[in-house]
Amino acid sequence: MMSAQETNFGQTPSQTVGPYFAYGLTATQYGYDFDQPFDATVALDAAVGERIRLEGRVFDGDGNAIFDAMIEISQPDGEGRYPQSVEDAQARGFRAFGRCGTGTDAQKRFVFHTVKPGAEAPGEAPHINVIVTMRGLLLHAFTRIYFSDEAAANAEDAVLQSVPAARRPTLIAQRVEQDGAVLYRFDIHMQGANETVFFDV
Amino acid sequence: MTSPATPGAALPKLDPRDWESHPKYIYSGYKSTAKRGPLQPLIPLKASLGELQQPVYGHSSIGEFDHDLTRNARRNGEPIGERMILTGQVFDERRRPVRNTLVELWQANASGRYVHKVDQHDAPLDPNFLGAGRCLTDDEGRYRFLTIKPGAYPWGNHPNAWRPQHIHLSLFGQHFASRLVTQMYFPGDPLLQYDPMVTGTPEKYRNRLIADFSLDITEPDFALGYQFDIVLRGADETPFENR
């Protein structure tokens, strides 16, 4: 073991992802000559569930959209199941995990192609787990995305109900149906009157 | 060993984040935190680990030279700079190795320049160096990269601000919540004391960010060796050992 961990064992401190992560973590998305293990496509054609586009922007405390944030999402498929192996993920066309930077879209959006998740257990509302990271964030933040058309399930969800009522709307993605396609909009506000609820997971 | 946790099953409990070991969201020395760090208190979330497992997808896409930054972007020769080996073990908090987990790495080149299009520092790019790599940890939780020692570079945080030489690392660990993005620094770097990323980290734990030089890892006539062990949040059992 290295000397620091021999004498001072414990969690390695987090550091900011910084401004230059794009060619390391999201190289293909940003047009660098390197591949990336995860991208914005979470569900392929074979995946079970309602096909959705999930998009949003990340705003700083001045209300400016952030162009160098990276969003990662983790979710089960439309039946509430996570793949249990690489082979399982390939067979089901469902990766369960996605990654997207906000630096390649003219409107600074993240855009994921996925399916609407199913509930994982009775009493839980469908949701997507989210990691937010960016330059200026010394430790990534966790949040969750719930769905505007799941009002009854949302009212029963213990995690959502643990959030003060006034702040719950920051966790709800808004459903929009356009030309037969389903879009959910979910903006993330790092600060301000609509600061997104972040969790201590 | 048990299969991945299913809802309703007896679930292992994730160790809490040790907030004392990590920087606070807002740190006056690092200007960009002021408008980007959350200001409201975090809300505790007791989630099942079943839904918080590390991603399974992506692990099959490691290329032959992905861990070797001296080779993975060659065009017409070798990259310029001091070759170095960066290796270490990834542990959870119960000192168990974290196996088969993805380690992603990115860094500046030897002259302190990033390939990133936004980096406008007036130092040369290296046509044979990208500065990105990845690997999986082995059965002992060990990772290993061959790369070029990155240079220091100036940035705009405050007058005459320079980032110490560093390498960015991104890890998943066994759970969604054990995710870690960090930076590794070099021993004896005189810039460490002036760097707000370092000074924003609680003083007692800063040394966990600094690698050890190791003559044992150093390969004669080839490359200097550095050891950097990483400790992630763990759980009270290892539910995914079979993977």
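Quick caveat, the model's predicted, so the values are computed rather than measured.

So, about the overall build of chain B. From N to C terminus, chain B includes 1 helix and 12 strands. Within chain B, the proportion of its 243 residues that are buried is 48%. Considering only residue pairs separated by 6 or more positions, chain B has 72% of its internal contacts joining residues 24 or more positions apart.

Okay, the sheet that holds strand β8 (residues 166-171) of chain B next. All names here are of chain B. Reading across the sheet, the 4 strands line up as β4-β3-β8-β9 and stay open at both edges, with antiparallel pairing between neighbours. The open sheet has two edge strands, β4 (132-136) and β9 (180-185), and neither has a second partner. Within the sheet, the average angular offset between the axes of one strand and its neighbour, ignoring direction, is 20 degrees. Sheet topology places β8 next to β9; 6 bridges connect them, and they run antiparallel. Looking at the pairing, Leu-169 lines up with Thr-182 of β9.

In this section: the interface of chain A and chain B. Every contact between the two is made by 67 residues of chain A and, on the other side, 72 residues of chain B. At the level of secondary structure, the elements contributing two or more residues to the side of chain A that touches chain B comprise α1 (3-7), α2 (22-25), α3 (86-92), β5 (128-134) and β10 (199-200) of chain A. When its residues are assigned to classes, the side of chain A that touches chain B shows 38 nonpolar, 21 polar and 8 charged. Direction of pairing for β10(A) relative to strand β1 (residues 43-44) of chain B: parallel, over a ladder of 2 bridges. The residue of β1(B) that forms the bridge with Phe199(A) is Ile43(B).

Counting residues in each nonpolar core, the largest one holds 106 residues, and the members touching the most others are Tyr23(A), Ile71(A) and Leu171(B). Here this core takes 5 residues from strand β6 (residues 141-147) of chain A, the largest share from any one element. Residue contacts for Tyr23(A): discarding those within four places in its chain leaves Tyr30(A), Tyr32(A), Phe34(A), Trp106(B), Val115(B), His116(B), Leu130(B) and Ala132(B).

What follows deals with unusual backbone geometry. Residue and element names in this part refer to chain A. The phi angle at Lys-108 is positive, at roughly 65 degrees, despite the residue not being glycine. When the 19 C-beta atoms within 10 Å are taken as the criterion, Lys-108 is described as partly exposed. Of note, Asp-179 is a non-glycine position whose phi angle comes to about 50 degrees, a positive value. Within the secondary structure, Asp-179 sits in the loop between β7 (172-178) and β8 (181-185).

Below, the discussion takes up the pairing of strand β3 (residues 102-107) of chain B. Residues and elements named next belong to chain B. Where burial is concerned, most of β3 is hidden: 6 out of the 6 residues are buried. On β3, burial covers both faces: Leu-102, Glu-104 and Trp-106 on one face and Val-103, Leu-105 and Gln-107 on the other are all buried. Direction of pairing for β3 relative to β4: antiparallel, over a ladder of 5 bridges. The residue of β4 that forms the bridge with Trp-106 is Ala-132. Note: β3 against β8, 5 bridges, orientation antiparallel. Counted as the bridge partner of Gln-107 is Ile-167 from β8.

Moving on: the confidence of the model for chain B. Residue and element names in this part refer to chain B. For chain B, the average pLDDT comes to 89, and 88% of its residues sit at 70 or higher. Here residues 238-243 is modelled with pLDDT under 50, and outside its nearest four sequence neighbours on either side it reaches 14 contacts, counting other chains as well. The ipTM, which scores confidence in the relative placement of chains, is 0.96 for this predicted complex, and the corresponding pTM is 0.94.

To continue, consider the environment of Val130(A). The topology assignment puts Val130(A) in strand β5. With 48 residues separating them in the primary sequence, Val130(A) and Tyr82(A) have C-alpha atoms 15 Å apart.

Further remarks concern the pairing of strand β1 (residues 51-59) of chain A. All names here are of chain A. Across the 9 residues that make up β1, a large majority, 7, are buried. Sheet topology note: the β1/strand β4 (residues 109-115) ladder contains 7 bridges and is antiparallel. Note that in β4 the partner of Gly-56 across the bridge is Phe-110. Pairing of β1 with β8 involves 3 bridges; the strand directions are parallel. Bridge assignment links Arg-53 to a residue of β8, and that residue is Leu-183. The pairing of β1 with strand β9 (residues 188-189) spans 2 bridges and is classified as parallel. Bridged to Phe-59 within β9 is His-189.

Residues and elements named next belong to chain B. Residue placement: Trp-155 occurs in strand β6 (residues 153-155). Distance from Trp-155 to Gln-120, taken between C-alpha atoms, is 9.9 Å for residues 35 residues apart in sequence. Non-local contacts of Trp-155, meaning those with residues more than four positions away in its chain, are made with Ala-161 and Arg-163.

Now for the environment of Leu39(B). Structurally, the position occupied by Leu39(B) is in the segment before β1. According to the C-beta neighbour criterion, Leu39(B) is partly exposed, with 13 such atoms within 10 Å. The spatial distance from the C-alpha of Leu39(B) to the C-alpha of Phe213(B) is 39 Å, given a sequence separation of 174 residues. Beyond its immediate chain neighbours, meaning those up to four positions away, Leu39(B) contacts Gln191(A) and Glu195(A).

Definitions and cut-offs
Residues numbered from 1 in each chain as written. Chains lettered and ligands numbered in written order. Predicted model: local features only at pLDDT ≥ 70, side-chain atom pairs only at ≥ 80, totals over all residues. Helix = DSSP H or I, 4+ residues; strand = E, 2+ residues; numbered from the N terminus. Buried ≥ 20, exposed ≤ 12 C-beta atoms within 10 Å, placed from the backbone. Contact = placed C-beta atoms within 7 Å. Pairing = 2+ DSSP bridges. Axes fitted to C-alpha atoms, helices over the stretch in contact; angles between N-to-C directions. Nonpolar A, V, L, I, M, F, W, Y, C, P; charged D, E, K, R; others polar. Core = buried A, V, L, I, M, F, W, Y, C linked by C-beta atoms within 7 Å. pLDDT = per-residue confidence, 0-100.

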